[in-house]
Amino acid sequence: MLYNSTENNKEVVSAAQAIAQGISKDGGLFVPQELPKYTEETFKSLLGLSYNERAKIVFSDFLTDFTEEEIADCVDKAYTVEKFGSECPAPLVAKKYNGNEINIMELWHGPTCAFKDMALQILPHFLTKSLKKTYDGKTAVILVATSGDTGKAALEGFKDVDHTKMIVFYPEDGVSPMQKRQMNTQKGSNVNVCAIKGNFDDAQTGVKKIFTTDEIVELLHKNDMLFSSANSINWGRLLPQIVYYISAYCDLVNSKKINMGDKINIVVPTGNFGNILAAYYAYCMGMPVNKFICASNQNNVLTDFINTGVYDKNRQFYATASPSMDILVSSNLERLLYKFSGNNDELVAKWMNQLKTEGKYEVTDEVKKEITSKFFGGFCDDTNTKATIKELFDEEKYLCDTHTSVAINVYNQYVEKTGDKTPVVIASTASPYKFSHSVLEAVAPEAICDDEFTMVDELNKITGAEVPKPIAELKNLEVRFNNVTDADKMPEYVKNTLGI
Ligand SMILES: *Cc1c(COP(=O)(O)O)cnc(C)c1O
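Residues numbered from 1 in each chain as written. Predicted model: local features only at pLDDT ≥ 70, side-chain atom pairs only at ≥ 80, totals over all residues. Heavy atoms only, no water.

You'll find the protein entered in an unreviewed UniProt entry as Threonine synthase, with Ruminococcoides intestinihominis given as the organism. Its UniProt record gives the protein the following Cofactor (unreviewed entry) comment, quoted word for word: "pyridoxal 5'-phosphate". You can read under Sequence similarities (unreviewed entry) in the UniProt record for the protein the words "Belongs to the threonine synthase family." (UniProt positions renumbered as here; feature names shortened; annotations may be inferred.)

Put into structure tokens, the structure is as follows:
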């Protein structure tokens, strides 16, 4: 299977190249030229398998330049019982909300308690094998600018992975105390963490500049290193997300909630559009889906886009209780536009250029029709996010986080509007303990205090929901990093850390 850029059909690469490179030279994203087709027979053959076995089969259909042994090695290193707590890293939990049965797919049992672990635990293994195929002998240097969650998930994924080094920069005053502690206590001999004096944009700009500074690129080259990227547009992050939708479909058949061949609805709390796009790819491969319900918070640029065909990022930015979805440019949407425009690379390049220069573009009527036939867009503000957490907890004694709550709320809006009661899978993207402050505001506002760990304990006392081990252990971990640097000293910091 080969991959090409969404902004230039003629830029064709292997899977290993797509993963090692991250983004195409023309700025486009790599997409498979053709998707594997799964029939009912294929799905039947997956029913009796474990999550890891299902994953190996899906990966081997996409990573055709990897051997079976290489893929097995990646999967078995990534989704272990030690890291995910069981042999099923993405369990389905059936609950009721407002009279409707909802199947909650818990994607947060990994080491950092958020769904990004599902991809970032395996990406480093895909990447080292891809590098071996494309730039043998080199060590990949990954620089990350983070506003919190991605940095920690990337650190956990890359720690002690051979032939990789990682440096994470975060804004000194721009992450939560819990996130800071998670990163500063990070283990691993190949990782490093540094706060910068500045905001997230300064960190991001700094990293981008280093990537393209000739002097540093040369120095890396001399030392058998090269820059690579772990961000959410890398194909190696999208692919692992397709697996859990296919696996969830099998689980629903196994538990007799649906019959083989029945359609399901899928609801995803959306930011960068990666997670919901993976569900859409699973549908294109043959998984029966009726509707994709794209749930946004107050930053509802995607809701407007789905309803009007106009993408307009010129609007107010809100800091919400679901911060991982506080995004105005959803990068992975580009891949959907490519598909819906009939692989029209020129059109996609034009829209992306308009987004860059005017902050806005409008898709064609045909693309609008494609979008509304398969997608429903809705959003939910913080007040309703908290109300939904409380209602679900009161009804079912089930505690969900703020991002998942946005999805459940929007799903409820969808059912009220359409009456469509197709069986549903709702992606749950974080543990409620990752956002203890907001979740406490929803269920027990009187227990709010200044200390994150006290709030975790309070939440546990009030709700009885189990505290995930990585959060419980955090209190006692030794702080390894307390580096702070000026944003303009980031290049020096990188050189010193790498010893080049
Ligand atoms: C990243 C993230 C999302 C958004 O996922 P996208 O793939 O960017 O749409 C939702 N919830 C949580 C908790 C996240 O960390």
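Anyway, onward from the coordinates.
Participant: I'm lost on the overall build of the protein in this one. Help?
Facilitator: In terms of helices and strands, the protein carries 23 helices and 16 strands. Taking 2.2 N^0.38 as the reference for a compact globule, 500 residues should give roughly 23 Å; the C-alpha atoms of the protein span a radius of gyration of 22 Å, in line with that estimate. For the protein, the C-alpha atoms occupy an extent of roughly 65 × 55 × 50 Å along the three principal directions. Counting the 500 residues in the protein, one finds 58% classified as buried. Considering only contacts in the protein between residues 6 or more positions apart, those separated by 24 or more positions represent 73%. With the model as given, the accessible surface of the protein reaches about 19900 Å², and the carbon-plus-sulfur share is 46%. In the protein, which carries 52 positive and 67 negative side-chain charges, the distance between the mean positions of the two groups comes to 1 Å. (Helix = DSSP H or I, 4+ residues; strand = E, 2+ residues; numbered from the N terminus. Rg over C-alpha atoms; globule rule 2.2 N^0.38 Å. Buried < 20%, exposed > 50% of the residue type's maximum accessible area, 1.4 Å probe, protein only. Contact = heavy atoms within 4.5 Å. Areas by Shrake-Rupley, 256 points an atom, 1.4 Å probe, with all protein chains shown as cover. Lys, Arg positive; Asp, Glu negative; His and termini not counted. Charge placed at Lys NZ, Arg CZ, Asp CG, Glu CD.)

Participant: Teacher, can you tell me more about the environment of Pro177 here?
Facilitator: Inspection of the secondary structure puts Pro177 in helix 9 (residues 177–184). What makes Pro177 exposed here is its relative accessible area of 55%. Residues Pro177 and Phe453 lie 276 residues apart in sequence; the distance between their C-alpha atoms is 10.0 Å.

Participant: Can you help me understand the UniProt feature "domain: Tryptophan synthase beta chain-like PALP" (unreviewed entry) in the protein in this one?
Facilitator: Look at the UniProt record and you will see "domain: Tryptophan synthase beta chain-like PALP" (unreviewed entry) annotated at residues 90–328. Secondary structure over residues 90–328 splits into 40% helix and 23% strand, and the C-alpha atoms at its two ends are 28 Å apart.

Participant: Quick question: what am I supposed to make of the site of the ligand here?
Facilitator: Close to the ligand lie 14 residues, the nearest being Lys116, Gly271, Asn272, Asn275 and Thr429. Within the contact set of the ligand, an oxygen atom lies 2.7 Å away from a backbone nitrogen or oxygen of Gly271. A distance of 3.3 Å separates an oxygen atom of the ligand from a polar backbone atom of Gly274. Across the complex, the protein chains shield 96% of the 380 Å² of accessible surface that the ligand would expose by itself. (Near = heavy atom within 4 Å. Polar contact = N/O pair within 3.5 Å; in protein donor to acceptor, adjacent residues only side chain to side chain.)

Participant: Help me understand unusual backbone geometry in this model?
Facilitator: Across the chain, the bulk of peptide bonds are trans and the bulk of non-glycine residues have phi less than zero. With a phi close to 65°, Lys256 is a non-glycine residue in the positive phi region. Residue placement: Lys256 occurs in the loop between helix 12 (235–254) and strand 10 (264–269). Given a relative accessible area of 74%, Lys256 falls into the exposed group. At Phe273, a position not held by glycine, the phi torsion is positive, near 75°. Tracing the sequence through the fold places Phe273 in the loop between strand 10 and helix 13 (274–285). Given the relative accessible area of 2%, Phe273 is considered buried.

Participant: Would you mind showing me how to read the sheet that holds strand 2 (residues 8–13) here?
Facilitator: Whenever strands of a sheet pair, they do so through backbone hydrogen bonds, lying parallel or antiparallel. Across the sheet, three strands lie side by side as 2-1-3; this open sheet has antiparallel pairing. Edge positions in the sheet fall to strand 2 and strand 3 (30–32), since each has one partner strand and no second. Between one strand axis and the next, the sheet turns through 40° on average, direction left out of account. Relative to strand 3, helix 15 (residues 333–340) is tilted by about 50°, and along the sheet it contacts strand 1 (3–5), strand 2 and strand 3. (Pairing = 2+ DSSP bridges. Axes fitted to C-alpha atoms, helices over the stretch in contact; angles between N-to-C directions.)

Participant: Sorry if this is basic, but what is going on with the UniProt feature "domain: Threonine synthase N-terminal" (unreviewed entry) in the protein here?
Facilitator: As annotated by UniProt and renumbered to match this structure, "domain: Threonine synthase N-terminal" (unreviewed entry) occupies residues 3–79. Taken as a whole, residues 3–79 contains 49% helix and 16% strand, while its terminal C-alpha atoms sit 26 Å from one another.

Participant: I would appreciate a short explanation of the packing of helix 9 against helix 21 (residues 452–463) in the present structure.
Facilitator: The angle between the axes and the distance between the axes are what describe a pair of packed helices. Contact geometry of helix 9 with helix 21 gives a least axis separation of 9 Å together with a crossing angle of 105°. Relative to helix 21, the element helix 9 is oriented roughly perpendicular. Packed against helix 9, whose contacting residues are Pro177, Met178 and Arg181, the element helix 21 presents Glu452, Phe453 and Val456 at the interface. Tallied by class, the residues present in the contact of helix 9 with helix 21 amount to four nonpolar, no polar and two charged. (Parallel < 35°, antiparallel > 145°, perpendicular 65-115°, else oblique. Nonpolar A, V, L, I, M, F, W, Y, C, P; charged D, E, K, R; others polar.)

Participant: What's the story with the sheet that holds strand 11 (residues 289–296) in this structure? I'm lost.
Facilitator: Taking strand neighbours across the sheet as the criterion, the six strands line up as 4-5-15-10-11-14 in an open arrangement whose pairing is mixed. Whereas interior strands pair on both sides, the edge strands pair on one side only; in this sheet they are strand 4 (92–97) and strand 14 (375–379). Strand-to-strand twist in this sheet, taken as the mean axis angle between neighbours without regard to direction, amounts to 25°. Taken together, the five bridges between strand 10 and strand 11 define a ladder with parallel strand orientation. Opposite Ile264, over in strand 11, you have Val289 as the bridge partner.

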